[in-house]
Amino acid sequence: MEAFTTELEGLLKQVTGGDTARLQTATSTLSTKYFTQVQCIPALFEIITRQTDAPVRQLAAVELRKQVKKQDGAWWESLDVNVRTQIKNTILQVVLAEPSKPVRNQLARVVSEIANIEIPKERWNDLLSFLYTCCQSTDAGHREIGVYCIDALFEVIADMFLDRIPQFFELFSKTLVDPESLQVRLTTLMALGKLAEYVDPDGHAEIKAFRDLLPGMVAVVQQLVANGDEDDAVRGMEVFDSLLLLESPLVSRHMPQLVEFFVGIGGNKDNAPKVRVAALSFLMWSAVYQKNKISKAKLVTPLIASVFPIISEEDDADDDEEDNPGRVALQLINSLSTNLPPQQIFPDCMRHVVQYMQNPDPNARKAAMLTFGSLVDGCAEHMRSQINDLLPLLFTGLQDPEGIVRKAACLALSSLAEELAEEIAEHHATLMPLILNLLNDPNEKIQRSSCNALDAILEGLGDEIMPYLPTLMEKLIFLVDNAAQTVKGVAIASIGSAAHSAGDSFLTYFQEVMPRLKYCISLQQKEVFDLKGLATDTVSAVAEAVGKEAFRPHLNEIMTIVLQGLELNDSRLRECSYVFFAVVARVYEEEFAPFLPVIIPQLLKSCNEEEKLPTEWEDEEDEDISLEADEAEEDLRAAFSVSSAIAEEKECAVDALGHICAATRSAFMPYVETSVEVSIKLLAHHHEDVRKSAVDALFAFMLTMHKMTNPPKWVPGLPLQIPIDPVVAGLVKLSMDAMIVLLDNEEDRSVVAQTFSELTDALQQMGPAVLADRLQSLAENVLLVLQKEHKCQFDMEAQDIETAEAPGTPLRRGAVPDDDDEQAEYDAILINNAADLVGTLAKSLGPDFAPFFQNYLPLITKYYKKTRPTSDRSLATGVIAECAFGLKKGVTPFTMDILQLVMKALGDEEDEVKSNAAYAIGVLVENSDMDLSSYYMQILQSLRPMFDTHGKIAGNLADNASGAVCRMIMKNPSLIPLDQVLPVVLDNLPLKKDYEENEPVYRCILHLVRTNNPLLLQNMPKLLNIFAQALSPPEGQLKDNTRAEILELLTTLKTHHLESFQTMVAGMDPAHAQSLAVLLQ
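Cut-offs applied
- Residues numbered from 1 in each chain as written.
- Predicted model: local features only at pLDDT ≥ 70, side-chain atom pairs only at ≥ 80, totals over all residues.
- Heavy atoms only, no water.
- Helix = DSSP H or I, 4+ residues; strand = E, 2+ residues; numbered from the N terminus.
- Rg over C-alpha atoms; globule rule 2.2 N^0.38 Å.
- Buried < 20%, exposed > 50% of the residue type's maximum accessible area, 1.4 Å probe, protein only.
- Contact = heavy atoms within 4.5 Å.
- Areas by Shrake-Rupley, 256 points an atom, 1.4 Å probe, with all protein chains shown as cover.
- Lys, Arg positive; Asp, Glu negative; His and termini not counted.
- Charge placed at Lys NZ, Arg CZ, Asp CG, Glu CD.
- Salt bridge = Lys/Arg side-chain N within 4 Å of Asp/Glu carboxyl O.
- Core = buried A, V, L, I, M, F, W, Y, C linked by side-chain atoms within 4.5 Å.
- Expected span 1.5 Å × (residues − 1).
- Phe/Tyr/Trp six-rings, centres within 6.5 Å; stacked < 30°, edge-to-face > 60°.
- Axes fitted to C-alpha atoms, helices over the stretch in contact; angles between N-to-C directions.
- Parallel < 35°, antiparallel > 145°, perpendicular 65-115°, else oblique.
- Left-handed = near helix turned anticlockwise from the far one by under 90°.
- Nonpolar A, V, L, I, M, F, W, Y, C, P; charged D, E, K, R; others polar.
- 1 Å grid on protein atoms, 1.4 Å probe; cavity = no way out; pocket = protein on both sides within 12 Å on 5 of 7 lines; lining within 4 Å.
- Points joined across faces, edges and corners; volume = space filled by probe spheres on them.
- pLDDT = per-residue confidence, 0-100.

Okay, the overall build of the protein chain next. What the protein chain contains, in helices and strands, is 53 helices and 0 strands. Against the compact-globule benchmark of 31 Å for 1081 residues, the protein chain has a radius of gyration of 35 Å, which places it among compact chains. The C-alpha extent of the protein chain, read off along each of the three principal axes, is 120 × 70 × 70 Å. Out of the 1081 residues in the protein chain, the part that is buried amounts to 55%. A separation of at least 24 residues holds for 74% of the contacts in the protein chain among residues at least 6 apart in sequence. A total accessible area of about 45,900 Å² is found for the protein chain, and carbon and sulfur atoms account for 50% of it. Within the protein chain, the 158 negative side-chain charges are centred at a point lying 2 Å from the centre of the 91 positive side-chain charges.

Further remarks concern unusual backbone geometry. The step from L718 to P719 runs through a cis peptide bond, and the omega angle for that step is 0°. Along the chain, the position of P719 falls in the loop between α36 (688–708) and α37 (726–745). Put simply, P1033 and P1034 share a cis peptide bond, and its omega is 5°. Among the secondary structure elements, P1034 is positioned in the loop between α50 (1020–1031) and α51 (1040–1056). Phi at A772 is positive, roughly 45°, even though this residue is not glycine. For A772, the location among the structural elements is in the loop between α38 (749–766) and α39 (775–786). Assessed through its relative accessible area of 37%, A772 is described here as partly exposed. One non-glycine residue, K888, lies in positive phi territory at about 55°.

Our focus in this paragraph is the pattern of salt bridges. Evaluation of the coordinates by the stated rule reveals 55 salt bridges. Here D212 and K208 are joined by a salt bridge, their closest N and O atoms 3.0 Å apart. With D212 and K208 both in helix α12 (residues 204–227), this residue pair falls 4 residues apart, about one helical turn. It is possible to trace a salt-bridge network through shared partners that takes in E77, R84, K88, E118, K121 and R123.

Counting 384 residues, the largest nonpolar core has F240, F756, F849 and L943 as the members making the most contacts within it. Not counting the four nearest positions on each side in its chain, F849 is found in contact with V838, L841, A842, Y856, C883 and L887.

Before going further, it helps to examine the side chain of S335. Along the chain, the position of S335 falls in helix α18 (residues 325–339). Here S335 falls in the buried class, since its relative accessible area comes to 6%. Among all residues touching S335, those that are not within four sequence positions of it are M284, A287 and V288.

As a further point, take α39. In this model, α39 (12 residues) spans 16 Å end to end at C-alpha, consistent with the 16 Å of a helix rising 1.5 Å per residue. Within α39 the residues assigned to the buried category are L775, L778, A779, N781, V782, L783, V785 and L786. In this structure, the buried residues of α39 make contact with α37, α38, α40 (825–845) and α41 (850–861). Once α39 ends, the next one or two residues include K788, with phi positive near 60°.

Right, let's talk about the environment of D744 for a bit. In this fold, D744 is placed in helix α37. By relative accessible area, which is 38% here, D744 ends up partly exposed. A sequence separation of 406 residues divides D744 from T338, and the C-alpha atoms of the two residues are 24 Å apart. Sequence-distant contacts of D744, defined by excluding residues within four places in its chain, comprise N781 and K791.

Throughout the structure, instances matching the rule amount to 26 aromatic pairs. Where F168 meets F172, the ring centres are 6.0 Å apart and the plane angle is 25°; that geometry is what we call stacked. Note that F168 and F172 are positioned in helix α10 (residues 165–175) at a spacing of 4 residues, about one turn of the helix. With relative accessibility at 0%, the residue F168 sits in the buried group. Taking the relative accessible area as the measure of exposure, F172 reaches 0% and is therefore buried.

With that settled, the discussion passes to the environment of A367. Here A367 is to be found in helix α20 (residues 362–384). By relative accessible area, A367 is classed as buried at 0%. A367 sits 198 residues away from G565 along the chain, and the two C-alpha atoms are 40 Å apart.

Taken N-terminus to C-terminus, the directions of helix α46 (residues 957–971) and helix α48 (residues 998–1010) make an angle of 45°; their axes are 8 Å apart at the nearest point. In terms of axis orientation, α46 runs oblique to α48. In terms of crossing hand, the pair formed by α46 and α48 is left-handed. Only P1000, V1001, R1003, C1004 and H1007 of α48 make contact with α46, whose side of the interface consists of S962, G963, C966, R967, I969 and M970. In terms of residue class, the contact of α46 with α48 is made up of 6 nonpolar, 3 polar and 2 charged.

Attention now goes to empty space enclosed by the protein. Within the structure shown, the criterion is met by 3 cavities of 30 Å³ or more. Looking at the second largest cavity, its volume works out to about 90 Å³. Lining the second largest cavity we find V95, K101, R104, N105, A108, E144, I145, Y148, C149 and Q183. Those elements that provide at least two residues to the lining of the second largest cavity are α7 (101–118) and α9 (140–157). Considering only residue class, the lining of the second largest cavity consists of 5 nonpolar, 2 polar and 3 charged.

Between α38 and α40, whose axes approach to 9 Å, the crossing angle comes to 25°. As judged from the angle between their axes, α38 and α40 are roughly parallel. Between α38 and α40 lies a crossing of left-handed hand. Here R749, V752, A753, Q754, F756, S757, L759, T760, L763 and Q764 of α38 lie close against α40, whose contacting residues are Y826, D827, I829, L830, N833, A834, D836, L837, T840, L841 and S844.

We now examine the confidence of the model for the protein chain. Across the protein chain, the average pLDDT comes to 91, with 93% of residues at or above 70. The low-confidence segment residues 615–640, where pLDDT is below 50, has 23 contacts with residues more than four positions distant or belonging to other chains. Every residue in residues 798–819 scores below 50 in pLDDT, and together they form 56 contacts with partners more than four places removed in sequence or on other chains.

A few words on the environment of V81. With respect to the helices and strands, the residue V81 is situated in helix α6 (residues 81–97). Of the residues examined, V81 reaches a relative accessible area of 46% and is grouped as partly exposed.

Listed below in structure tokens is the structure:
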């Protein structure tokens, strides 16, 4: 044993000696010869006790911990009991006697690993008593060791000490205010952060005890910041970050004080940047996890006021450098905007934006533009109605004399164009000249930012691009040929967006652009991979624009180049290649089949690529003592970057599988089973975007296979009246069962919202076959969302935080209270998607939906209140209308509840709400068996003003009013004064926007014509004008059966009543008469 120990000791010395060649040899020998034998454990401990060289002792301690932990402790337990006992009895004294702090810390971690094995088996019961004694010693060094060991224990075995939490709180209340050692206070703070995870959310005494310690915890951080201990101060602040994530309401009561404290640190320029960033990060996460408290404590306004000066600080950092205070302050604004109602954020921010835009300091104007852009993410809908008032600020920023302001304005424009594409496109006449001018800016960063803004604008420009296309392409091609590398890429991306908007009009530039794109996608140097990837994206956009025949001569060559690029082992390149494959498959459809045997295995390989969770990185640290702390941190960032890249690659890969399946149909069938398996596996991925793409892919597989069976039109209700193909049914069961599990456990609102959206689309296409025996589970998830009690809607704060000390008061994470009429736009998206799904469920189930609607109706009704925004009131009336339509006769028991709400909504001040109400009242009257005759005149009086558009098209308003009146006529014509009503309806025809309402309108009109209604017979020339317009472009005005019925009527008139028909035609508008003649040839 002594020889073994001596040889091992010599190898450890070689590792720490600094000789690289000897280090590699020694490391290999240790791994293959010594650390494969269990006797290395007592040998390493012996070396620690006798070695005089601290680095060797430290390395021995690091390796000892690894060996104790090996095989989940089995190695340790395989040692003779006497050896284990001797180590346990000796190691605590060794720790106390150790003069080197790094060695002490590593030995403390050894103690924690041994305790992790021994304490659950009650074989080291005196350990805690020893550590308690150390913590209360008069020797500050012993107190440091005691607290550090307890902190290390909490890392691995805290759950074994749950019954001792009160005693720990009592102990920490003393060590947190240690009079001599800041190290004791800091370590206590770290230990409290770990212990907090085990505080019972309903444990009032424990919560109070922890809250009582918060001022002392803050004092520790305050002292560290004052001392300039940057790294320890950051570690201390990260403890507060972790407290925000916990279910127990530990910090909510102190949020006003905490916000003030961290604002002070973040706003103080004398503090180190990393310290300020940590403080601002706490505030950013507070907006996510303590948003209700921040809102109710009225902290939003002072928070906004405090961060604007930080955003205005001069920033000389390059774009790719790590966060600085200004950038994190901007992220805080974004976090507030995406987590709180826009009414609470936008007005305050815009007051500062307007004020800062008038500041002579360009950094202040830059801050205004950056903030303006960061608000879009969470306030887009709120900004939509004000866009005409907001854009002049942006125009001013784009023309600012200072480059940093123009660049910031370009970034803001990019954000606006991505979220409000239609609104930005409407202002192309002002924006395009400004952006095209900025492309000439000599500043490379402004060129790049203006190209990015141009790229975003072009995506939504459509046909409006045509006047700009010649100048635009001339400038972009010049930049591709002559600009700096960073500008070339975004210029190429802009060419792709231009192609997207121009469509086949891009053929003019196709031959000029393709050689340049081929050159870029053929590049092999790693430093230009970004350019290569962007060019690959653009090639696919160009292919889709010019069409398969124009692109065909280039297809095989381009495919070869892109496939070769996959061998370059770059995640970003693979992402771009996968997007390329998906788009080109959409262009060539079944013709893309020959490429599948090469492409699909690569996509599946990316989907299955192994990756480590962030929580696993620390467990696999090399723990080389020669590695400095900043190097270790750099490695951790690199690990995070690699993991993120793999996640993004998986997102693109599974997304491409879905798109390629939909495009190639039967050719994809050999890969369906494996693709479904991998997609279901990815539903459990740690990254929400991967989960969303997996959901999309599964629905793509289901819908594609279903369409391939040429199914008949589905019939509402369960059990299924029209079964689907058995193979498709099996795929649906497999996929939907997995997605119900996802919905039951999902904590990200965007994933739930996306799944609801895809479900809505699938139900519209496949009907109740999607539901089968999963209906109850799905309905419960929808109900939870509408109640704001789904897991994805939980905030990390209790609803009743102020009663935390009252025994028996339940504490839970919860949703926004029912009386809160405002919500963040991200929350609104989830509610909207849930509401859309409710309406589609009603259509899919018909009268069978009634039991579910009984639960949903009271929740939906809450969204119609005068204090609610227009979008909420519109949602309520819209989804109730869809449910009334889908339920058919099943709506009868709910008639009066719906009628009461809809009659109010018919008088709403907003056209959008009134339009939905008109549709709702029409389908309610049509479907309900309840006698509503006494309400007819009141309803007609409410509908009449909706036809007075004064020559303007008021959205769907008059169309839905027409549909409602026609439904009422069909239900009970005797109650309608047709001589007064029909002329008003006819004046609104043909319908302008909501073509769905053509069904009840023409069903009614055809019925009245067939029953020889005198008023219609007198107006036949006018009616023929209407028919001619409805039968002519735009396409899609009429469903096939309605179109056929109208044509049949016209043919009958022409055939059997030719003279009368010719008289009617003579009274028509000549252009419409000509159209009708063509239709009847």
